[in-house]
Amino acid sequence: MTRLQSDRSIPRLRYTLYVAGVVIMIGSLLGAKLLTNGTADDTKADPSRVTTAKLVGPVVMGTVDSDPQPIPYGLPPVLQSGTIVEKFVKDGDEVKAGAKLYRFDTSTLESSLLVAQKAADVAKIKVNEANLGLTQHEEHVKNLKLAVTVAERTKLGKNETYSLIERRLKDYYQTENKNITPEQLQVKLDNDEKLLAAKVEYFKALSEWDLQQRQIEAQKVAKEIILNQIKQAEAVVKQAEAEVSKAQTAIDLCTIRAKVDGIIEQVTIGEGATLGVSTLKPALWLIPAGPRIVRAEIEADFAHRVSSKLIGKVVTIYDNTDPKLTYKGEVQRISDTYLVKRSSNEGLLASDTRILEAAIKVVDVSPTDRPPLRVGQRVRVDLGQ
């Protein structure tokens, strides 16, 4: 090509580019007009289309779960580590609440139970001894009361004897000497040996009666001491019995039992296996029987499109791997709090994604024409239908 021909082709190229640019701009304007006008025309032609679009809710991910959730079983709280001596279940077994699952060796705990039982027996002997002391004390008090009665009678008898001798002596001295003065009479009475002996006997009886009375009063304090001893002994018995109950409970807890009805899955233990506090993997899982729910994960981007109006609404659940498999569910609850999604720790790296969780009860878990929804299965939920 000559230089002249090259110079002539440059204006032609520029013209072509200019025309192409104009065409593109006109096409863009026409497209925008058609989009806006087309939407407006469609709305006028079929108003229900816009209304339907507003009713369709977000499609969110979810996980099939049991209600209550699956229960992992491992080491009982009374053991730091333990060896399994007996296993009662295997994968797929259906169990009732209270059924035995597996049992740990309890020889050490049984020794503790024996020690606690012996301590309880000794404490009960102390209580019996204290009660026997109370019985003996009550008998002693009865004897003292009898002694007081006898002393009182003796005192009265000695007093009557003294009074009788005194009256007779007075009569005798006054008959012998009618002019005797009271002072002279008293002198004669004070010097009478028989009257003096009677008086001494009376005062001895009076002292004995007073002594017996004081002993009875002292027994009230002694009784309080014995009663306190009984209370202390009974408290020791209760403490010892509590230790027995604690030891027995620890032994009972070493036989792991099902908390609810359900199906056993992933049994990872056998007889002779040892579990410790650092054991991370559960001995087995119990999948509770009963209703199945989908825990739908509503992320923040879709939170404004859900409300309490969805409660009770029937929605569609899709198998995450095959959307042709659909199931019906009923929305039971939508949380009011953003929390970390339950599946955030399934991978190697933990996620801090926060979501609103919706609980959706599955209407028919095992339809005859489709595979059943299984606990742990990932699904999608259309909250708009």
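Residues numbered from 1 in each chain as written. Predicted model: local features only at pLDDT ≥ 70, side-chain atom pairs only at ≥ 80, totals over all residues. Heavy atoms only, no water.

Trainee: Explanation requested: the sheet that holds strand β9 (residues 284-288) in the structure shown.
Mentor: Note on sheets: strands pair through backbone hydrogen bonds, and any given pair is parallel or antiparallel. Ordered in space as β2-β9-β7-β4, the 4 strands form an open sheet in which the pairing is antiparallel. The two strands at the open ends of the sheet, each matched to only one other strand, are β2 (71-73) and β4 (94-95). Sheet topology note: the β2/β9 ladder contains 3 bridges and is antiparallel. Within the sheet, the bridge partner assigned to Ile-71 lies in β9 and is Leu-286. (Pairing = 2+ DSSP bridges. Helix = DSSP H or I, 4+ residues; strand = E, 2+ residues; numbered from the N terminus.)

Trainee: Please explain the packing of helix α3 (residues 107-176) against helix α5 (residues 193-253) as it appears in this structure.
Mentor: Helix-helix packing is described using two parameters, namely the angle between the two axes and the distance between the axes. At a minimum axis separation of 7 Å, α3 and α5 run at an interaxial angle of 170°. As the angle between them shows, α3 and α5 are arranged roughly antiparallel. Judged by the sense of rotation from one axis to the other, the crossing of α3 with α5 is left-handed. Of the residues in the contact of α3 with α5, the class split is 36 nonpolar, 14 polar and 16 charged. (Axes fitted to C-alpha atoms, helices over the stretch in contact; angles between N-to-C directions. Parallel < 35°, antiparallel > 145°, perpendicular 65-115°, else oblique. Left-handed = near helix turned anticlockwise from the far one by under 90°. Nonpolar A, V, L, I, M, F, W, Y, C, P; charged D, E, K, R; others polar.)

Trainee: Could you clarify how one ought to interpret the layout of surface pockets in this entry?
Mentor: In this approach the atoms are scanned with a rolling probe the size of a water molecule, which exposes any empty space left behind. Here the second largest pocket defines a volume of roughly 220 Å³. For the second largest pocket, the full set of lining residues is Ile-263, Glu-265, Ile-287, Arg-292, Val-365, Ser-366, Pro-372, Leu-373, Arg-374 and Val-375. Tallied by class, residues from the lining of the second largest pocket come to 6 nonpolar, 1 polar and 3 charged. (1 Å grid on protein atoms, 1.4 Å probe; cavity = no way out; pocket = protein on both sides within 12 Å on 5 of 7 lines; lining within 4 Å. Points joined across faces, edges and corners; volume = space filled by probe spheres on them.)

Trainee: Can you walk me through the pattern of salt bridges in this structure?
Mentor: Oppositely charged side chains can pair when the atoms bearing their charge come close. For the structure shown, the criterion picks out 16 salt bridges. The salt bridge partner of Glu-297 is Lys-341, with a shortest N-O separation of 3.5 Å. Here the residue Glu-297 occupies a position in strand β10 (residues 292-299), and Lys-341 occupies one in the loop between β13 (339-340) and β14 (354-362), the gap between them amounting to 44 residues. In terms of burial, Glu-297 and Lys-341 fall into one category: buried. Among the ionic pairs, Lys-324 bridges to Asp-322, the shortest N-O distance being 3.1 Å. For Lys-324, a relative accessible area of 70% corresponds to the exposed category. A relative accessible area of 22% means that Asp-322 is categorised as partly exposed. The structure contains a network of salt bridges with shared partners spanning Glu-297, Glu-299, Lys-341 and Arg-378. (Salt bridge = Lys/Arg side-chain N within 4 Å of Asp/Glu carboxyl O. Buried < 20%, exposed > 50% of the residue type's maximum accessible area, 1.4 Å probe, protein only.)

Trainee: Would you mind going over the sheet that holds strand β8 (residues 274-276) with me for this structure?
Mentor: Across the sheet, which stays open at both edges, the 4 strands sit in the order β6-β5-β3-β8 with antiparallel pairing between neighbours. Two strands bound the open sheet, and with one partner strand each, they are β6 (255-257) and β8. Averaged over neighbouring strand pairs, the angle between their axes works out to 35° when direction is ignored. Examined bridge by bridge, strand β5 (residues 100-104) and β6 share 3 bridges and lie antiparallel to one another. By the bridge assignment, Tyr-102 is partnered in β6 with Ile-256.

Trainee: I'm lost on the environment of Phe-104 in this one. Help?
Mentor: Note that Phe-104 resides in strand β5. With a relative accessible area of 0%, Phe-104 lands in the buried category. Separated by 21 residues in sequence, Phe-104 and Thr-83 have C-alpha atoms that sit 5.4 Å apart. Contacts of Phe-104, omitting those with residues within four sequence positions, involve Gly-74, Leu-75, Pro-76, Leu-79, Gly-82, Thr-83, Ile-84, Val-85, Cys-254, Ile-256 and Leu-275. (Contact = heavy atoms within 4.5 Å.)

Trainee: Hey, could you run me through the side chain of Gln-219 in this one?
Mentor: Looking at where Gln-219 falls in the secondary structure, it is placed in helix α5. Excluding residues within four positions of it along the chain, Gln-219 makes contact with His-137, His-140, Val-141 and Leu-144.

Trainee: Got a minute to help me understand the confidence of the model for the chain in this structure?
Mentor: Low pLDDT means the predicted atomic positions in that stretch should not be read closely. Summing up the model confidence of the chain, the mean pLDDT is 84 and the portion of residues at 70 or higher is 83%. Scored below 50 in pLDDT, residues 1-7 shows 1 contact in the model against residues more than four places distant or in partner chains. Across residues 31-55 the pLDDT falls below 50, and counting only partners more than four positions away or on other chains, this stretch makes 6 contacts in the model. (pLDDT = per-residue confidence, 0-100.)

Trainee: Quick question: what am I supposed to make of the pairing of β14 here?
Mentor: Regular strands place side chains that alternate from one sheet face to the opposite one. Burial runs high along β14: 7 of the 9 residues are buried. Examined bridge by bridge, β10 and β14 share 7 bridges and lie antiparallel to one another. Looking at β14, one finds that Ala-296 is bridged to Ala-358. As judged from the 2 bridges shared by β13 and β14, these two strands associate in the antiparallel manner. If you follow Leu-339 over to β14, its bridge partner there is Ile-355.

Trainee: Just checking my understanding: could you explain unusual backbone geometry for this structure?
Mentor: Note: most residues except glycine have negative phi, and most peptide bonds are trans. At the junction of Asp-67 and Pro-68, the peptide bond is cis and its omega measures out at 10° in the coordinates. By the secondary structure assignment, Pro-68 is in the loop between β1 (59-66) and β2. The backbone of Gln-266 sits at a positive phi, close to 50°, despite the residue not being glycine. In this fold, Gln-266 is placed in the loop between β7 (262-265) and β8.

Trainee: I would appreciate a short explanation of the packing of aromatic side chains in the present structure.
Mentor: The geometry of an aromatic ring pair comes down to the distance between the two centres and the angle between the two planes. This model, assessed by the stated rule, comprises 3 aromatic pairs. With centroids separated by 5.7 Å and ring planes inclined at 70°, the aromatic side chains of Tyr-102 and Phe-104 adopt a geometry described as edge-to-face. Assessed through its relative accessible area of 0%, Tyr-102 is described here as buried. Residue placement shows Lys-155 over the ring face of Trp-209; its charged tip is 4.0 Å from the ring centre. Positioned above the aromatic ring of Tyr-327, the side-chain terminus of Arg-370 is 5.3 Å from the ring centre. (Phe/Tyr/Trp six-rings, centres within 6.5 Å; stacked < 30°, edge-to-face > 60°. Lys NZ or Arg CZ within 6 Å of the ring centre and 35° of its normal.)

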